[in-house]
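The primary structure of each chain is shown beneath.
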Amino acid sequence: MSRIHFVVKETEKIRYQAEAEREGKSLGQWLREAADEKLEAARPRLFTVEELEAFAAKCDAMHPPGAKEPDWEETKRMLVETRFPDPGV
């Protein structure tokens, strides 16, 4: 196991220690869990298989089998027109 040392104000240490005690944990355990939570929150969220299947089913419901896809040229024209409206209009 490795050790990590860092400097905090005495008042912060007291606050951390008090919260750890309220949760029934040592200060070290509380700090490790806080660091783990921070790492977890920063990690991109991956979807479960069930969530992906539900998303695919929702998409399929919006576009039933046999539905015609939009014309790509028409879609591009519409995107250009809505982004850069004709100034003469």
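(A) Structural detail: the overall build of the protein chain. Of regular secondary structure, the protein chain possesses four helices and zero strands. Going residue by residue from the N terminus, the α and β elements of the protein chain occur as α-α-α-α. Since a compact globule built from 89 residues should have a radius of gyration of about 12 Å, the 27 Å found for the protein chain marks it as more spread out than a globular shape. With respect to the three principal axes, the spread of C-alpha positions in the protein chain is 65 × 40 × 25 Å.

(B) Geometry of helix α4 (residues 72-83). If you check α4, its first and last C-alpha atoms are 16 Å apart, about what twelve residues at 1.5 Å a residue would give, namely 16 Å. If you check the start of α4, you find a side-chain oxygen 3.4 Å away from the backbone N of Glu73, and it comes from Asp71.

Rules and cut-offs
Residues numbered from 1 in each chain as written. Predicted model: local features only at pLDDT ≥ 70, side-chain atom pairs only at ≥ 80, totals over all residues. Heavy atoms only, no water. Helix = DSSP H or I, 4+ residues; strand = E, 2+ residues; numbered from the N terminus. Rg over C-alpha atoms; globule rule 2.2 N^0.38 Å. Expected span 1.5 Å × (residues − 1). Polar contact = N/O pair within 3.5 Å; in protein donor to acceptor, adjacent residues only side chain to side chain.

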